[in-house]
Amino acid sequence: MLLLVVMFAVGVAAEEPENPYTSGIDVRMGQRQFQSKCTSCHGVDATGGEEADGPDLTTGRFQHASTDAGLYEVIRDGIEGTSMRGLRRAGDQEIWQLVTYLRTLSRYVDVASLPGSVEAGRGTFERLDCGRCHMVGGRGGRLGPDLSRVGERRDPDELAEDLTEPSAEVAPRWWTVRVTSADGMVVEGLRMGEDTFNLRIMDGEERLRSFAKASLRAVEREQTSTMPAEALPEAEVDNLVAYLASLRGSDP
Amino acid sequence: MRPIGWVGAALLLATAHAAPAQEPGADGMPLLSPVTWERLVNSDDEPHNWLMYHGALHGQRYSRLDQIDRGNVERLELKWAHQIRQLDRNQTTPLVVDGVMFITESPSNVTAVDAVTGRAYWRYEHPLPDGIRLCCGRNNRGVAILGETLYMSTNDAHLVAIDARSGSLLWDTEVADHTKGYSKTAAPLVVGDTVVTGIAGGEFGIRGFIDGYDAATGERRWRTYTVPGPGEPGNETWAGDSWRTGGAPTWLTGVYDPELDLIYWGGGNPAPDWNGDLRLGDNLYSSSVLALDGKTGEIVWHFQFTPHDVWDWDAIQVPVLADVELNGEPRRVMLWANRNAFYYLLDRTSGQFLLGEPFALQTWAHGLDENGRPILRENVFPTTEGTTVAPIAGGATNWWSPAYSPRSGFLYVNSFDAEGIYYQRDDDYEEGSIFLGGGHRMPLAADHYQSAIRAIEATTGEVRWEFPITPRTRSGVLATAGGLVWSASVDGYFFALDEETGEPLWRISLGAAPHASPMSYAVGGQQRIVVAMGNVVFVFGLAEE
């Protein structure tokens, strides 16, 4: 009996404190703190540093904490064995405000709050045969990005832009490369890897091919998307966005 | 082979002490003997050793070893590798002294290994306190040696002396208070019997300096601030009290000219980095090179590359000293490919500007005037909304070493062509906290830009060839007397180029990015080429025929 009481007491004591500073002003104060103390490693937009390798803080997931209290501890104490140094001299309020600001950076959105319908979006996805190029949950093609967890890395505005203006910003991984060999053969494919001496592509038949640059007559790079630009009604875009936003490994 | 026993070992050591360098041991291999100041001055005469961070006092990172050359480089193979235990950016340039290699490791450790086999003699692990302030990683680029003592910077802003034979700590001097944002990452430089060393912390509003310490005791002999105080010349280039938090750190190893008795050392960015309104004026001696008296550390001359720097373009590059012919006259010069994208040729006796030409993409200046001062373009200062300017904050090049070959007359520089977006914002200095006054980012992924190894003709500033590599690469360059230029790329290749044409002659995929500069040594008559990539130090040599 005594043991049970002790366990119960421990359980209560271990309950995590809630963030008491979550107003709009706290967000702005947290942002100021972030800009002054964190951007040199985590980047001005918190997506990761250039000179130092601080991780992206906008994914809605953190490697060393999941709760607000956990984030508070990481910010206060730092992470041993890494360059992440705790803000030991910062006050309680300043640290909570930083936590509040970090939460606003998350790309996580509540899918139910979006205008489109997830189910209708799934239907459009199938009707347009998006799976010919995109994989979702282990099924689909390989000529476009795997969308199984796209809702974690792209917010709804970005997803809408991806659908309506696919060539606006194409990651180098999805550029198209056209190589001409010394004997005039032309091969085209997606740019899976390029380095100082070699080039690796996936061609239209999803074959992996590697070329030594020195052996090629020409290399051309197209920085446009290979996704067909389909003029979709706004409601269908909304539905697709809702469906894509719902694609997450699990809720953070 | 039978062990020779303690008496025999003691006799051998005694012999080594008394004899000049390179006295071989019983097996024909060299025995570690004291590195005198004369040996350091004449290090080019013993190219089988690599006695200091840059290889020699002139900073050329040029090895006179020529066993590996353009004709046989194809026969290069891996001889051994050393895995560094602590995972971090590996920025070491090892030293090799009479068959022993000293490898610095992150955060503030050093290992001594046999240069033949790569197997360890000892390891020194420096205890570090909590709460060290670092802007850019737990770096540790190298050691210096004098006599039988190694000198190393530690991340908590100490300078330590370590016995080269045993790894024992001899003395430990606090250079500055790490809780105020000071730290140390660079190999010291030995000048006579003084250990000269700089300081890091430009992103924390420190006041930079260069120090000289008694090599035997660790006592400080002199300190020269890179931000002049009230009453000192140059203090008027800082509005109000801004000099107190002016930055201008000195986080790379300088060089020394024994004939002129001048130490040359680069100064970093002013603080805060991106808000120049908080420190109006030219902000001497930030983003400058200083020439210091070799005995007193007093400033003899200075040259500022980027007056009132608001882009974070530290003049933290290696001052490369060379003797060249200019307009038919022999000239003692300094070659400097700066982070601001201009190549400078200076007279190193006087600091006189001789020429300056861009060697990489730049959109901030129309050019340089007759004194080498930049002629600024319009709208290049950071703003709240962001201003796009080339080069990026990380620079057209950075701290990674260039190499100069007296054979070709070219300075080989790893360069990057890209623009960055610079933001200005208000900031308040708080002791020990980051003090940036803004931010910076690249608008596009690095793949949109270009890195290249460029060969700059030293006397004209003309880029004579370039070898494009995957952006953005942060690797130094080594030149060797076999007509080869060695460097590495971010995609994990280590390669050798023809010094005259830039043609790639050999390469190997090592699978991790470089953050260091290669070096060369020889042991048992065999030349070795060394590069640190990922967390590994790789050692190459020719395969036996």
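All residue numbers refer to positions counted from 1 along the written sequence of the respective chain. The order in which chains are written sets their letters, starting at A; the order in which ligands are written sets their numbers, starting at 1. Residues qualify for local features only when their pLDDT is at least 70, as the model is predicted, and side-chain atom pairs are given and counted only at 80 or more; totals for whole chains, interfaces and linings, by contrast, use all residues.

1. Looking at the environment of Gly281(B)
Residues and elements named next belong to chain B. Just so we agree on the cut-off: By the criteria applied, helices consist of DSSP H or I runs no shorter than four residues and strands consist of E runs no shorter than two, each listed in order from the N terminus. Working definition of burial: number of other C-beta atoms within 10 Å of the residue's own, with buried at 20 or more, exposed at 12 or fewer, and partly exposed in between, all C-beta atoms being placed from the backbone. In this description, a residue-residue contact is defined by the distance between C-beta atoms placed from the backbone, which must lie within 7 Å.
Tracing the backbone shows Gly 281 in the loop between strand E16 (262–266) and strand E17 (288–293). For Gly 281, a count of 19 C-beta atoms within 10 Å gives the class partly exposed. Taking the C-alpha atoms as reference, Gly 281 lies 4.7 Å from Thr 237; in sequence the two are 44 residues apart. Filtering out sequence-adjacent residues up to four positions away, Gly 281 remains in contact with Thr 237, Trp 238, Ala 239 and His 308.

2. Overview of the nonpolar core
This is how it is decided: Put simply, a nonpolar core is buried Ala, Val, Leu, Ile, Met, Phe, Trp, Tyr and Cys residues tied into one set by C-beta atoms within 7 Å.
Counting residues in each nonpolar core, the largest one holds 161 residues, and the members touching the most others are Val143(B), Ala144(B), Ile145(B), Leu335(B), Leu411(B), Tyr412(B) and Val485(B). Setting aside chain neighbours within four positions, we find Ala144(B) in contact with Met52(B), Tyr53(B), Tyr151(B), Ala187(B), Pro188(B), Leu189(B), Val190(B) and Val195(B). Of all hydrophobic cores here, the second largest spans 14 residues; its members include Val150(A), Leu159(A), Leu240(A) and Ala245(A).

3. Examining the environment of Ile210(B)
Residue and element names in this part refer to chain B. By secondary structure assignment, the location of Ile 210 is in strand E13 (residues 209–214). Classification of Ile 210 as buried rests on a count of 25 C-beta atoms within 10 Å. Sequence separation between Ile 210 and Thr 226 is 16 residues; the distance between their C-alpha atoms is 7.2 Å. Discounting chain neighbours no more than four positions away, the residues touching Ile 210 are Val 196, Gly 198, Thr 224, Thr 226, Thr 250, Trp 265, Leu 292 and Gly 297.

4. Regarding the confidence of the model for chain A
Let me state the cut-off plainly: pLDDT expresses how confident the predictor is about each individual residue, on a scale running from 0 to 100.
Looking at chain A as a whole, its pLDDT mean stands at 88, while 92% of the residues score no less than 70. Confidence drops under pLDDT 50 across residues 1–13 of chain A; counting only partners more than four residues distant or on other chains, this segment forms zero contacts.

5. A closer look at the environment of Gly267(B)
All names here are of chain B. In this structure, Gly 267 sits in the loop between E16 and E17. Gly 267 gets classed as buried once you count the C-beta atoms within 10 Å, which come to 32. Setting aside anything within four residues of it in sequence, one finds Gly 267 in contact with Gly 208, Thr 226, Ala 248, Thr 250, Tyr 285, Ser 286, Ser 287, Ser 288, Leu 290 and Ala 315.

6. Brief notes about the interface of chain A and chain B
Heads up, the condition is: In this classification, the charged set is Asp, Glu, Lys and Arg, the nonpolar set is Ala, Val, Leu, Ile, Met, Phe, Trp, Tyr, Cys and Pro, and all remaining amino acids, among them Gly, are polar.
Across the contact, 19 residues belong to chain A and 27 residues belong to chain B. Where the side of chain A that touches chain B is concerned, the elements lending two or more residues are helix H2 (24–37) and helix H3 (39–42) of chain A. Looking at which element gives the most residues to the side of chain A that touches chain B, the answer is H2(A), with three residues. A breakdown of the residues in the side of chain A that touches chain B according to their chemical character gives five nonpolar, seven polar and seven charged.

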